[in-house]
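Residues per chain are reported as follows:
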Amino acid sequence: MKVLLIFVDGMGIGPEDPSVNPFLTAGIPFLRGIFGRRGGPPAGAAVVSGEVAAVPLDATLGVPGLPQSATGQTTILTGENAAALAGRHVNAHPTPELVAVLERSSIYRRVLAAGKSVTFINAYRDEAFDMMKDGTYPASVSTMAALRAGVKLRTIKDLLEGQAVYHDVTSGILREHGYDVPEVSPEEAGIRAARIALAHDFSMFEFFLTDITGHRGEMQRARRVLERLDAFLGAALGVAAARHPRDLCVIITSDHGNIEDLSTPSHTCNPVPGMFFGAPPGGGLFRIFGLRSICDIAGAVMRLLGVREGAGV
């Protein structure tokens, strides 16, 4: 089985309050078709239906304070409790200590060590490569994990050839920066991401407009971002579901809450969703993998790929 991990930054399971939770009022037909009014799994229980499984995951990691991106993302990509290792939740970019964890045991490195193929679907602006070299553009956790594992980053050329997706899905931000690139519909971006994933054993795509928008606290903007994400996910899952036999599991998860509660501009301690499409049916995923926190995502990926625990570490 192949695995596509779609990482959505800052997406928790929010309150049943439409005045603060945009999931309850956004036009998200794909997610609502699975989970009903909420558009996501309930906070207290798993949802299992056929090949769709979803569970709320703890993102606080037993460490006081609000969950943050650097430690949360490192945890997702390694299975190690990065916040506990650091003694705190670390925001934004990985510290040298977290970089060492990524270099030692990231999903990228372990899957490659097992002789399987890996790719990161996101495209990078041309100037980002030089800026990362001179330190003016600090690499995110996902970028650092890819670089330290030797995974080639995709370029604007790849994007123009239909072999990458920009982080905002539509490439609108690139156009705002003066790039002569066509706008991509969320549906076409989702189809593209799934097709790239089908050519590799493990693939990852990162979407972080949810976190940026959550910090801004603007309901209308938050709804638009979720609607874009929903269209992207629906199209990607449509490609995956059409495969016979089913050979692509799509996992959607997050590092911490934010956009689901616009009453605060900060992150939240809400659980985050762990959603699996094309997973073992009948709840087998939960019985086998014991999914309880974001620490468990990496292990689930390894098992789905048939990579033994500890490979490459």
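Scroll up to find the structure this text is about.
Residues numbered from 1 in each chain as written. Predicted model: local features only at pLDDT ≥ 70, side-chain atom pairs only at ≥ 80, totals over all residues. Heavy atoms only, no water.

Let us now look at the side chain of Ser105. The residue Ser105 is located in helix 4 (residues 96–105) in this model. Separated by 2.7 Å, the side chains of Ser105 and Glu80 make a polar contact. (Helix = DSSP H or I, 4+ residues; strand = E, 2+ residues; numbered from the N terminus. Polar contact = N/O pair within 3.5 Å; in protein donor to acceptor, adjacent residues only side chain to side chain.)

As for its position among the elements, Ser142 is in helix 7 (residues 141–149). Here Ser140 takes part through its side chain, which lies 3.2 Å from a polar atom of the side chain of Ser142. Those residues in contact with Ser142 that sit more than four places away from it in its chain are Gln73, Leu77, Tyr108, Phe120, Met204 and Glu206. (Contact = heavy atoms within 4.5 Å.)

One can describe the packing of helix 11 (residues 209–216) onto helix 12 (residues 219–241) by two numbers: an axis separation of 9 Å at closest approach and a directional angle of 165 degrees. Of the possible angle classes, the one that applies to helix 11 and helix 12 is roughly antiparallel. Handedness of the crossing formed by helix 11 with helix 12: left-handed. For the pair helix 11 and helix 12, the contacting residues are Leu209, Thr210, Thr213 and Arg216 in the first and Arg221, Ala222, Val225, Leu226, Arg228 and Leu229 in the second. Broken down by class, the residue content of the contact of helix 11 with helix 12 amounts to 5 nonpolar, 2 polar and 3 charged. (Axes fitted to C-alpha atoms, helices over the stretch in contact; angles between N-to-C directions. Parallel < 35°, antiparallel > 145°, perpendicular 65-115°, else oblique. Left-handed = near helix turned anticlockwise from the far one by under 90°. Nonpolar A, V, L, I, M, F, W, Y, C, P; charged D, E, K, R; others polar.)

Turning our eyes to something else, we now look at the nonpolar core. Tyr108, Phe202, Ile251, Phe276 and Val301 are the most contacted members of the largest nonpolar core, which totals 51 residues. At 7 residues, the largest contribution of residues to this core is made by helix 14 (residues 297–305). In this structure, Val301 is in contact with Val3, Ile107, Phe202 and Ile251, ignoring residues within four places of it in sequence. Counting residues in hydrophobic clusters, the runner-up holds 43 residues, among them Phe23, Phe232, Ala236 and Leu237. (Core = buried A, V, L, I, M, F, W, Y, C linked by side-chain atoms within 4.5 Å. Buried < 20%, exposed > 50% of the residue type's maximum accessible area, 1.4 Å probe, protein only.)

This next bit is on the packing of aromatic side chains. According to the stated counting rule, one finds 6 aromatic pairs in the structure shown. Taking 6.1 Å as the distance between ring centres and 65 degrees as the angle between the ring planes, the aromatic pair formed by Tyr108 and Phe202 counts as edge-to-face. Here the residue Tyr108 occupies a position in helix 5 (residues 107–113), and Phe202 occupies one in strand 5 (residues 202–207), the gap between them amounting to 94 residues. On the basis of relative accessibility, which here comes to 0%, the residue Phe202 falls in the buried class. (Phe/Tyr/Trp six-rings, centres within 6.5 Å; stacked < 30°, edge-to-face > 60°.)

The buried fraction of helix 14 amounts to 8 of the 9 residues, a majority that puts the element mostly inside the structure. Residues of helix 14 that are buried include every one of Ile297, Ala298, Gly299, Ala300, Val301, Met302, Leu304 and Leu305, and no others.

Of note, the phi angle at Ala92 is positive, near 60 degrees, even though the residue is not glycine. Within the secondary structure layout, Ala92 lies in the loop between helix 3 (82–86) and helix 4.

Glancing now at the pattern of salt bridges. Applying the stated criterion to the full structure yields 6 salt bridges. Among the ionic pairs, Asp158 bridges to Lys152, the shortest N-O distance being 3.8 Å. Accessibility expressed as a relative area gives 15% for Asp158, which makes it buried. Among the salt bridges present, the one from Glu161 reaches Lys157, with a minimum N-O distance of 2.7 Å. (Salt bridge = Lys/Arg side-chain N within 4 Å of Asp/Glu carboxyl O.)

Counting buried residues along strand 6 (residues 248–253), 6 of its 6 residues qualify, which places the element largely inside the surrounding structure. Burial along strand 6 is two-sided: the residues Leu248, Val250 and Ile252 and Cys249, Ile251 and Thr253 are all buried. Relative to strand 6, strand 1 (residues 2–8) runs parallel, the two sharing 6 bridges. Looking across to strand 6, one finds that Leu5 is bridged to Ile251. Pairing analysis gives 3 bridges linking strand 6 to strand 7 (residues 272–277), with the strands arranged antiparallel. Within strand 7, the residue paired with Ile252 across the bridge is Met275. (Pairing = 2+ DSSP bridges.)

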